[in-house]
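# An overview of the molecular structure
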Amino acid sequence: MWRRVTFLSPLFSSSKSSVSVLNQPACGLMTQKVYSTEILKPAKGGVSPSKKTPFITFVLGGPGSGKGTQCAKIVETFGFTHLSAGDLLRKEISSNSENAVMILNKIKEGKIVSPEVTVKMIQRAIESSENDKFLIDGFPRSEENRITYERIIGTEPNIVLFFDCPEEKMVKRVLSRNQGRVDDNINTFKKRLEVFTALNLPVIKYYSGKGKLYKINAVGTEDEIFEQVRQVFAAYEVIK
Ligand SMILES: Nc1ncnc2c1ncn2[C@@H]1O[C@H](COP(=O)(O)OP(=O)(O)O)[C@@H](O)[C@H]1O
Ligand SMILES: O=c1ccn([C@@H]2O[C@H](COP(=O)(O)OP(=O)(O)O)[C@@H](O)[C@H]2O)c(=O)[nH]1
Ligand SMILES: [Mg+2]
């Protein structure tokens, strides 16, 4: 069972570190009593009930906000398994699966792949791993994604990180990412940003309302940003 020890409260957060929860006042690092985090039983068809309930972190933010970069650091420091929804979809394209063409077209257009496809991929990845702590990066990108995940997996995430980044930084980062991605061009970036604003921000607001959201200021060096992230995880017993 996951326990939060030093509790960086999602309701009260540090103004100095810029870690905060959307629409909440910044009031400093809080130490609270040890308590068990909410554990929901997986529904029928969800992650195998014989396994320990995993600690799930959703990692959200616009295109180029630095999600993947910070996930690599979280893996290194805290031993999570990194599941990038975008990487899983790109793997499906490379493997020429039955959904490959549909996925490629959605990615080129900056649109969202059908939630059943993405959730099944995530479910398979969780079930085939021995780890019990996962970063789900770039998902859920819409309320439909979120609701489908909850229906199929049967749990909510333990926490949600939101990398808050201004558009001018995101566009610069995406256009100099240099990974040969079909969607790293100005036209697809604009579409992705529209989709992010229209469909992903409601998910971020939803988790803020649930007290699960940690907003990270995604401007600064990778290390400066990771310092904020580190504070969030250091408050949980998830250190390697
Ligand atoms: N803090 C940062 N400052 C400058 N460039 C960054 C920073 N964090 C990430 N990058 C770069 O920006 C690009 C996008 O980062 P990435 O982690 O892939 O973002 P996302 O997964 O949110 O799209 C990458 O080329 C990465 O090296
Ligand atoms: O749950 C997801 C995650 C990604 N994508 C698609 O994959 C693209 C790239 O996602 P990724 O997370 O790799 O992009 P990033 O935000 O990291 O630049 C998105 O624009 C979508 O078209 C999707 O449909 N569903
Ligand atoms: Mg990414």
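Below, the structure is looked at part by part. (Residues numbered from 1 in each chain as written. Chains lettered and ligands numbered in written order. Predicted model: local features only at pLDDT ≥ 70, side-chain atom pairs only at ≥ 80, totals over all residues. Heavy atoms only, no water.)

## Describing the overall build of the protein chain
For clarity, the cut-off: Counting from the N terminus, the helices are DSSP H or I runs at least four residues long and the strands are E runs at least two residues long. Note on exposure labels: buried denotes an accessible area under 20% of the residue type's maximum, exposed denotes more than 50%, and partly exposed covers the range between, all computed with a 1.4 Å probe on protein chains only. Contacts are assigned to residue pairs with any non-hydrogen atoms lying within 4.5 Å of each other. Throughout, the Shrake-Rupley method with a 1.4 Å probe supplies accessible areas, and for residues the shown protein chains are the sole cover considered.
Along the protein chain, the regular secondary structure elements total 8 helices and 7 strands. Evaluated residue by residue, the protein chain yields a buried proportion of 48% over its 240 residues. By sequence separation, contacts in the protein chain at least 24 residues apart represent 77% of the contacts at least 6 residues apart. For the protein chain, the exposed area adds up to about 11600 Å²; of that, 52% sits on carbon and sulfur atoms.

## Focus: the sheet that holds strand β5 (residues 133-137)
We count it as follows: Two strands pair under a simple rule: DSSP has to find at least two bridges between them. Throughout, an axis means a line fitted to C-alpha atoms (over the contacting stretch in the case of helices), and angles, computed between N-to-C directions, take values from 0 to 180 degrees.
Taken together, 5 strands build an open sheet; the order of strands is β4-β5-β3-β6-β7 and the sheet is parallel. Edge positions in the open sheet fall to β4 (81-84) and β7 (213-217), since each of these has one partner strand only. Across the sheet, the axes of successive neighbouring strands diverge by a mean angle of 20°, strand direction being ignored. As paired strands, strand β3 (residues 55-61) and β5 are joined by 5 bridges and run parallel to one another. Counted as the bridge partner of I56 is F134 from β5.

## Overview of unusual backbone geometry
Negative phi characterises most residues that are not glycine, and trans characterises most peptide bonds. Cis geometry is found at the peptide bond from F139 to P140, where omega equals 0°. A positive phi angle, near 55°, is found at N96, a position not held by glycine. As for its position among the elements, N96 is in the loop between α2 (85-94) and α3 (100-109). A relative accessible area of 65% places N96 in the exposed class.

## Some points on the site of ligand 1
Rules: Throughout, the term near means that a residue has one or more heavy atoms lying within 4 Å of the molecule or strand in question. The definition of a polar contact used here is a pair of N or O atoms within 3.5 Å, where within protein one atom must be able to donate a hydrogen and the other to accept one, and adjacent residues in sequence count solely through side-chain atom pairs. Residue polarity is assigned by list, with Asp, Glu, Lys and Arg as charged and Ala, Val, Leu, Ile, Met, Phe, Trp, Tyr, Cys and Pro as nonpolar; anything else, Gly included, falls into the polar class.
The local shell around ligand 1 holds 14 residues, among which G64, K67, T69, R177 and G220 are the closest. The separation between an oxygen atom of ligand 1 and a polar main-chain atom of S65 is 3.3 Å. Between an oxygen atom of ligand 1 and a side-chain N or O atom of T69, the distance comes to 2.5 Å. Out of a free accessible area of 560 Å², ligand 1 has 76% covered by protein chains. For the shell around ligand 1, the secondary-structure elements that each account for two or more residues are α1 (67-78) and α8 (222-234). Split into classes, the residues belonging to the shell around ligand 1 amount to 2 nonpolar, 8 polar and 4 charged.

## Structural notes on the packing of aromatic side chains
Keep this limit in mind: Aromatic rings from Phe, Tyr and Trp, taking only the six-membered ring of Trp, are treated as a pair when their centres fall within 6.5 Å; an angle between ring planes under 30 degrees marks them as stacked, one over 60 as edge-to-face, and anything in between as tilted.
One pass over the full model with this rule turns up 9 aromatic pairs. Between F55 and F80 the ring centres are 6.0 Å apart and the planes differ by 75°, which places this aromatic pair in the edge-to-face class. Taken together, the positions of F55 in strand β3 and F80 in the loop between α1 and β4 put the pair 25 residues apart, joining distant regions of the chain. When the centroid spacing of 5.5 Å and the interplanar angle of 40° are considered together, the rings of F78 and F233 count as tilted. Taken together, the positions of F78 in helix α1 and F233 in helix α8 put the pair 155 residues apart, joining distant regions of the chain. Of the two residues examined, F78 and F233, each falls in the buried class.

## Quick word on the packing of helix α4 (residues 115-127) against helix α5 (residues 143-153)
What counts here: Roughly parallel refers to an angle under 35 degrees, roughly antiparallel to one over 145, roughly perpendicular to one between 65 and 115, and oblique to any angle outside these ranges. A clockwise turn of the near helix away from the far one marks a right-handed crossing, whereas an anticlockwise turn of less than a right angle marks a left-handed crossing.
Two numbers describe how α4 lies on α5: the axes approach to 9 Å, and their chain directions differ by 45°. Judged on the interaxial angle alone, α5 and α4 are oblique. In the packing of α4 onto α5, the handedness of the crossing is right-handed. The residues of α5 that touch α4, namely those facing P115, E116, V119, K120, I122, Q123 and I126, are E144, N145, T148, Y149, R151, I152 and I153.

## With respect to the site of ligand 2
What surrounds ligand 2 is a group of 20 residues, the closest being K67, R90, K111, V113 and R192. Taking G138, its main chain carries an N or O atom lying 3.5 Å from an oxygen atom of ligand 2. Between ligand 2 and the protein, one listed contact pairs an oxygen atom with a side-chain N or O atom of R141 at 3.0 Å. Among the secondary structure elements, those contributing two or more residues to the shell around ligand 2 are α2 and α3.

## Points about α3
To keep things clear, this is the line we draw: Each C-beta atom gives one direction from the helix axis, and the arc is the one those directions make.
Three or more residues of α3 are buried, namely A100, I103 and I107. Seen end-on, α3 carries its buried residues on one side only, within an arc spanning 65°. Buried residues in α3 make contact with α2, α4 and α7 (186-209). Phi for G110, located one or two positions after α3, is positive at around 70°.

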